[in-house]
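Given next are the chains, with one letter for each unit.
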Amino acid sequence: MFCTKCGIQCEEFNDNGILRHRCPSCNYVSYRNPYPCVSLLVVNQRNEIALGKRHPSSIYPGKWCLPCGYIEYGESYVAAGIREAKEEIGIDIEPIGIINVVSNELENNISSLVVVLLAYYKEENPLVPGDDISEAAWFPIDKELPPLAFKADDYIINKYHNSMKEYGEIKSITLEGNSFVS
Ligand SMILES: [Zn+2]
């Protein structure tokens, strides 16, 4: 890789067991971090959850997942969740809480940190697939689900289902203070 400041070839070095790149001219070090993402557990009035089928050109094509995506620079994670629901399944949602935060290691060598938001959908508008989703549908949470792309989604859906069965609610963190400008 090349230095983003000088444009010259960086050198590899071992930083306590982690391979990093450093610019020999300005000493800029490139750090790799997980990508910040959001995913959404959207539940309707019939206790169904919204899933999207992944586009043939995406990673894990043909498998299903919770609506999800990257948080844009300057965007709060709540705004990202609202945007992703609109882009991927075509509905306006209002997230009500964080039900989990997970770290993912995916097959394509991508590492992500995912804030998982819960939203209840009270309207009857049809789901409209978009972005990298080729099909969007509601699935009863107590029946067998289609093949899922991400282990984390499987965990989240089960956690929600089990918690609702056992306690009639799921513990969540509220969304106040999700964004600050100084
Ligand atoms: Zn440099």
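Predicted model, so just to flag it, every value in this text is computed and none were measured.

Residues annotated in UniProt with the feature "domain: Nudix hydrolase" (unreviewed entry) correspond here to residues 33-160. Its end C-alpha atoms 29 Å apart, residues 33-160 is made of 18% helix and 39% strand.

Here the focus is the coordination of the zinc ion. Around the zinc ion, the protein supplies Cys3 (SG), Cys6 (SG), Cys23 (SG) and Cys26 (SG) as donor atoms, at distances of 2.3 Å. Read in sequence order, the donor residues coordinating the zinc ion give the pattern C-x2-C-x16-C-x2-C. Taken together, the residues Cys6 in the segment before β1 (11-15) and Cys26 in the loop between β2 (18-22) and β3 (29-30) connect sequence positions 20 residues apart. According to the relative accessible area criterion, Cys6 is partly exposed, its value standing at 35%.

All right, on to the sheet that holds β2 then. Across the sheet, which stays open at both edges, the three strands sit in the order β1-β2-β3 with antiparallel pairing between neighbours. Bordering the open sheet on either side are β1 and β3, each of which pairs with just one other strand. One ladder, built from two bridges, connects β2 with β3; its direction is antiparallel. What sits directly across from His21, in β3, is Ser30.

Moving on, we get to the pairing of strand β8 (residues 97-105). Here β8 runs beside strand β9 (residues 111-121); their pairing, made up of eight bridges, is antiparallel. The residue of β9 that forms the bridge with Asn104 is Ser112.

Another point: the side chain of His161. Structurally, the position occupied by His161 is in helix α2 (residues 151-167). Residue classification places His161 among the buried residues on the basis of a relative accessible area of 16%. Discounting chain neighbours no more than four positions away, the residues touching His161 are Ile141 and Asp142.

Here we take up the environment of Val128. Looking at the secondary structure, you find Val128 in the loop between β9 and β10 (133-140). On the basis of relative accessibility, which here comes to 46%, the residue Val128 falls in the partly exposed class. Filtering out sequence-adjacent residues up to four positions away, Val128 remains in contact with Glu88, Ile89 and Gly90.

In this structure, Ile156 sits in helix α2. For the pair Ile156 and Val42, spaced 114 residues apart in sequence, the C-alpha separation works out to 12 Å. Leave out the neighbours within four places in its chain, and Ile156 touches Leu66, Ile99, Asn100, Val102 and Val116.

Here is what the cut-offs are and how they apply
- Residues numbered from 1 in each chain as written.
- Predicted model: local features only at pLDDT ≥ 70, side-chain atom pairs only at ≥ 80, totals over all residues.
- Heavy atoms only, no water.
- UniProt positions renumbered as here; feature names shortened; annotations may be inferred.
- Helix = DSSP H or I, 4+ residues; strand = E, 2+ residues; numbered from the N terminus.
- Donors = N, O, S within 2.8 Å, 3.2 Å for Na, K, Ca; no water.
- Buried < 20%, exposed > 50% of the residue type's maximum accessible area, 1.4 Å probe, protein only.
- Pairing = 2+ DSSP bridges.
- Contact = heavy atoms within 4.5 Å.

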